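# Results of the structural survey
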Amino acid sequence: MKVLDCIDAGTEYCPCHLAEKGECIMCSQLQGKSFCDCVNWKGVCIYQEYIWNQSHNKESRKTYTCEVLNKEQIAASIYIFKIKVNRTLTRELNQPGAYVFLRSPNDPLYFDMPMSIMKVDKEEETINIVVQERGVKTKSLLEAKNGNDKEVLLRGPFWNGVLGVKYIKGFRKGKALLLVRGIGQAPALLVANKILQGGSSVEVILDRGKAGVDFTKNRFEKMGCHVINKKIIDEENLTVSDWVIQYVRNSITNKGTELIYSGGPEILHYGIGELIKQMGSDVYFTCSNNMKLCCGEGICGSCQTRLIDGKRVKTCKTQFDPIAIYGGR
Amino acid sequence: MAKVIIIGGGWAGCAAAITAKKAGADVTILEKTDLLLGLGNVGGIMRNNGRFTASEEIIALGASELIAITDRVARHKNVNFPGHKHASLYDVIKVEPRVRKKITDMGIEIMLETRAIDVNKTGNKIKGIVLADETVVEGDVFIETTGSTGPMGNCLRYGNGCCMCILRCPSYGPRVSISKRAGVEDILGQRADECYGAFSGACKLAKNSLSSDIVEKLDKDGVVIVAIPQEDINMGKLGHKVCQQYALKEFAENVILLDTGYAKLMTSYYPLDKLRKIPGFEDARYDDPYSGGKGNSVRYLSMAPRNNALKVEGLDNLFCAGEKSGLFVGHTEAIVTGSLAGHNSVCLYLGIPLLELPRTLALGDLIAYANEAIKTPDGLKNRYTFSGGKYFTRMVEKGLYTLDIDEIKLRVKRVGLEGIYEEKLL
């Protein structure tokens, strides 16, 4: 795929700071060039939006103070947060790839951590997020006491948590295979939900992974997915297990699977990406965005990576075919 | 079988499709909107001044199909208006369905709502055209007829913003310069003040928004001329126009309407409240562009360097035609260049010499002259058309302009090109 899309193009947050500084991901006019070269049109002329906005970026995402309605510990280091948000946010976050930044109210801005949305309840106006205790930021959030544990600071909505999301949104009446492991179970639910809405069937290979807990099997099955519990990663060799490789190969070749979602560690993305490339298959490959998302606005540079062709991309905002990273060099 | 892919289904693309098909190719047109003819859907003026000669030369060369359609759906023939004689005005509403039928009947594939965004190439050879949905259409030879108008960002930077013209970029997506995507830099036209691009030269008013006496006269004569109030005359606007053949004093001092099914208003844009001050225009309303009171589409921002056989320089198998091939104005000019590019696409496939039209024909002279002019700074500020301006003067001086059809046939015969576009090469 040659097309790089910006997940925020055409939204109320577009044009953003990047446009104002001549670094827009989409628009040649806002990359300092003098003429249109609009390969990745999204239905809105970003340059026109920019000029109409007095040649300034639109207002960025807000940070909301949100009530934590419930915090349930489901394994040694795994917690499910139920957070009260507003109606607009529930609507905006109810899609595959949606995430927010969270931090405890008494922590400084740089404690913001990206958290995938597992579930949205539009009636209750709540979201569910699964937090795994890992480093300084998660520990600080989980250790908050004396009333500070009753609230979180939430910045959002953000949407680039899944790469190749347009394949998921556009998938109709086909067969999809989801490979999910550990904490990667959480965002996979919204992925499955979207695929099912398109009239497709969903098979899930589920590995509790280092999270040590399976918290989604029932949810997947309730939605109508077929779930197989199986180890996905061979932890001794740190590779995708032979069984999974064979299963994926067979699904593509003999079972008519047309979309694969990899929701797990980088090893899984590379294993599946290289397999698909090797097979020369045109199956849609999608995966969780595992990059180090820090500001979410394309500014800080921490999420920047290089595609196979050498092009640099800001992965917090850019959508591209994951094969361009994981298809092997 | 030679597979010829034409990018852009305007007049030039349709003309190229027809001659490529007649020469024996398997032809596909990629068109981003739901209509063929592009800006031809709001045009209408044929056979005025030197375009008469050019039309007859096209017919004598063997590509009469499109001229025959515009003649057949003409609402008026032999119309005179300031600076222009013996114009024929086709009905812009009737023309597209007839062209589409003709093209389909000839066995040419049309892919509508199909936007080309990039090329796949090996070395200097194009292998395929990448579409917006990332699928690829492969071919042997490619002809780019994407024009040079818009898209929105260009109309904003070099004009008054998107005015919602017939190209409908917001709905169907913007034009992408295929030659530039293939690595060949675009050439840009300029206005008198050296700003890039130029405004399209006319707008369409809904006929039933005009007074009944204007409509009656339009239906009867094909042309209506009404004086503009002294305080609203704007001579400066003439310099911004694409159509220098209409950049005459009379066009600034008067509102000139032509009957093309709509009332074609021969000015690039005109503020609605000022227009409504003119007697008979009290209820006036624009049908194209919808915001004709504010601006018009901006053109000439994307031409490819090419030779006189219309092959794009620097690429092995890409031709261009229409506005993509030079600072041309008009449908006749698009049909002229399109027909040649289509024929030559098959010559290239076969490895036989490409056809260059001799300069003893108006067609050959225009193609060569425009190519020379585009290489000079002043030439970039001019436009080239059989119907007026600098080129029509040249046509007259060189004796190329004639209304004698037998003489035109003889000229074509003399250079051995009679019916050349009818020849099946493959």
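The rules we used
- Residues numbered from 1 in each chain as written.
- Chains lettered and ligands numbered in written order.
- Predicted model: local features only at pLDDT ≥ 70, side-chain atom pairs only at ≥ 80, totals over all residues.
- Heavy atoms only, no water.
- Core = buried A, V, L, I, M, F, W, Y, C linked by side-chain atoms within 4.5 Å.
- Buried < 20%, exposed > 50% of the residue type's maximum accessible area, 1.4 Å probe, protein only.
- Contact = heavy atoms within 4.5 Å.
- Patch = residues over 30% accessible without salt bridge, like charges linked within 9 Å, V, L, I, M, F, W, Y side chains within 5 Å.
- Areas by Shrake-Rupley, 256 points an atom, 1.4 Å probe, with all protein chains shown as cover.
- Salt bridge = Lys/Arg side-chain N within 4 Å of Asp/Glu carboxyl O.
- Lys, Arg positive; Asp, Glu negative; His and termini not counted.
- Charge placed at Lys NZ, Arg CZ, Asp CG, Glu CD.
- Helix = DSSP H or I, 4+ residues; strand = E, 2+ residues; numbered from the N terminus.
- Domains from an automatic or database assignment.
- Buried area = accessible area lost by both parts, 1.4 Å probe.
- Polar contact = N/O pair within 3.5 Å; in protein donor to acceptor, adjacent residues only side chain to side chain.
- Nonpolar A, V, L, I, M, F, W, Y, C, P; charged D, E, K, R; others polar.
- Phe/Tyr/Trp six-rings, centres within 6.5 Å; stacked < 30°, edge-to-face > 60°.
- Lys NZ or Arg CZ within 6 Å of the ring centre and 35° of its normal.
- Axes fitted to C-alpha atoms, helices over the stretch in contact; angles between N-to-C directions.
- Parallel < 35°, antiparallel > 145°, perpendicular 65-115°, else oblique.
- Left-handed = near helix turned anticlockwise from the far one by under 90°.
- Pairing = 2+ DSSP bridges.

Residues B:Trp11, B:Val99, B:Leu357 and B:Phe386 are the most contacted members of the largest nonpolar core, which totals 73 residues. In this view, B:Leu357 contacts B:Leu61, B:Leu340, B:Leu363, B:Gly364, B:Ile367, B:Leu417 and B:Tyr421; residues no more than four positions away in its chain are not counted. Membership of the second largest hydrophobic core comes to 56 residues, among which are A:Met118, A:Val152, A:Val165 and A:Val227.

The subject of this paragraph is a positive patch on the surface. All names here are of chain B. Together, Arg-72, Lys-94, Arg-98 and Lys-102 line one region of the surface with positive charge. Considering every element that reaches the positive patch, the biggest residue donor is helix H4 (residues 92–105), with 3 residues. If you trace the backbone, Lys-102 turns up in helix H4.

Right, let's talk about the domain arrangement of chain B for a bit. Residue and element names in this part refer to chain B. Structurally, chain B comprises domain 1 (3–76 + 91–194 + 299–422) and domain 2 (198–288). The distance between the C-alpha centroids of domain 1 and domain 2 comes to 27 Å. Counting residues at the interface gives 27 residues for domain 1 and 26 residues for domain 2. Summed over both sides, the interface between domain 1 and domain 2 buries roughly 2000 Å², with carbon and sulfur atoms accounting for 52% of that surface. On the domain 1 side of the contact with domain 2, His-76, Arg-191 and Arg-299 bury the most area, a combined 28% of that side's loss. The tally of links from domain 1 across to domain 2 stands at 10 residue pairs in polar contact (both at pLDDT 80 or more). Elements that contribute at least two residues to the side of domain 1 that touches domain 2 include exactly strand E4 (74–81) and H4. The residue makeup of the side of domain 1 that touches domain 2, split by class, is 9 nonpolar, 11 polar and 7 charged.

This part takes up the pattern of salt bridges. Going through the model one piece at a time under the given rule, you end up with 48 salt bridges over all chains. The shortest N-O distance in the salt bridge between A:Asp112 and A:Arg103 comes to 3.3 Å. On the basis of relative accessibility, which here comes to 10%, the residue A:Arg103 falls in the buried class. Via salt bridges that share partners, B:Arg75, B:Asp91, B:Lys207, B:Asp219 and B:Asp259 belong to a single interconnected network.

Our next topic: the packing of aromatic side chains. Evaluation of the coordinates by the stated rule reveals 19 aromatic pairs over all chains. Taking the centre distance of 4.8 Å and the plane angle of 25° together, the rings of A:Tyr167 and A:Tyr284 count as stacked. In this pair, A:Tyr167 sits in helix H5 (residues 165–170) while A:Tyr284 sits in strand E16 (residues 284–288), placing the two residues 117 residues apart along the sequence. Given the relative accessible area of 38%, A:Tyr284 is considered partly exposed. These aromatic residues form a ring-pair network of at least three members: B:Tyr369, B:Tyr384, B:Phe386 and B:Tyr391. Above the ring of A:Phe101, the side-chain terminus of A:Arg155 is found at 4.4 Å from the ring centroid. Seen from the ring of A:Trp243, A:Lys230 lies directly overhead, with NZ or CZ sitting 4.7 Å from the centre.

All right, on to the packing of helix H3 (residues 65–72) of chain B against H4(B) then. All names here are of chain B. Close contact between H3 and H4 brings their axes to 10 Å; oriented N to C, the two are set at 150°. Judged by the inter-axis angle, H3 sits roughly antiparallel to H4. Regarding H3 and H4, the two cross each other, and that crossing is right-handed. Touching Glu-65, Leu-66, Ile-69 and Thr-70 of H3 are Val-95, Arg-98, Val-99 and Lys-102, all from H4. Per-class residue counts for the contact of H3 with H4 are 4 nonpolar, 1 polar and 3 charged.

All names here are of chain A. Read across the sheet, 6 strands follow the order E9-E16-E15-E10-E11-E12 without closing on themselves; strand pairing throughout is mixed. In this open sheet, the two edge strands, each paired with only one partner strand, are strand E9 (162–163) and strand E12 (226–229). Relative to the sheet, helix H8 (residues 242–254) contacts strand E10 (175–181), strand E11 (201–207), E12 and strand E15 (257–263), its axis offset from that of E10 by approximately 165°.

Turning our attention to the domain arrangement of chain A. In many reports, interface size means the accessible area that the parts give up when they come together. Residue and element names in this part refer to chain A. Its domain assignment divides chain A into domain 1 (1–60), domain 2 (62–158) and domain 3 (162–304 + 319–326). One C-alpha centre belongs to domain 1, the other to domain 3; they are set 30 Å apart. Between domain 1 and domain 3, the contact holds 8 residues from the first and 9 residues from the second. For the pair domain 1 and domain 3, the two sides together bury roughly 750 Å², of which 62% comes from carbon and sulfur. For the pair domain 1 and domain 3, the number of links is 1 salt bridge. The salt bridge partner of Asp-5 is Lys-166, with a shortest N-O separation of 4.0 Å. At the boundary of domain 1 with domain 3, the tally comes to 1 residue pair in polar contact (both at pLDDT 80 or more). Residues of the side of domain 1 that touches domain 3, tallied by class, amount to 5 nonpolar, 2 polar and 1 charged.

A separate point is unusual backbone geometry. Omega for the peptide link from A:Gly156 to A:Pro157 comes to 5°, which places this bond in the cis form. Within the element layout of this structure, A:Pro157 appears in strand E8 (residues 151–158). Cis rather than trans, the peptide bond between B:Asp288 and B:Pro289 has omega equal to -20°. Turning to its location among the elements, B:Pro289 is positioned in the loop between strand E16 (286–288) and strand E17 (298–299). With a phi close to 65°, B:Met164 is a non-glycine residue in the positive phi region. Structurally, B:Met164 is set in the loop between helix H5 (152–158) and helix H6 (169–172). Of note in this structure, B:Arg168 is not a glycine but carries a positive phi near 50°. Tracing the sequence through the fold places B:Arg168 in the loop between H5 and H6. A relative accessible area of 24% means that B:Arg168 is categorised as partly exposed.

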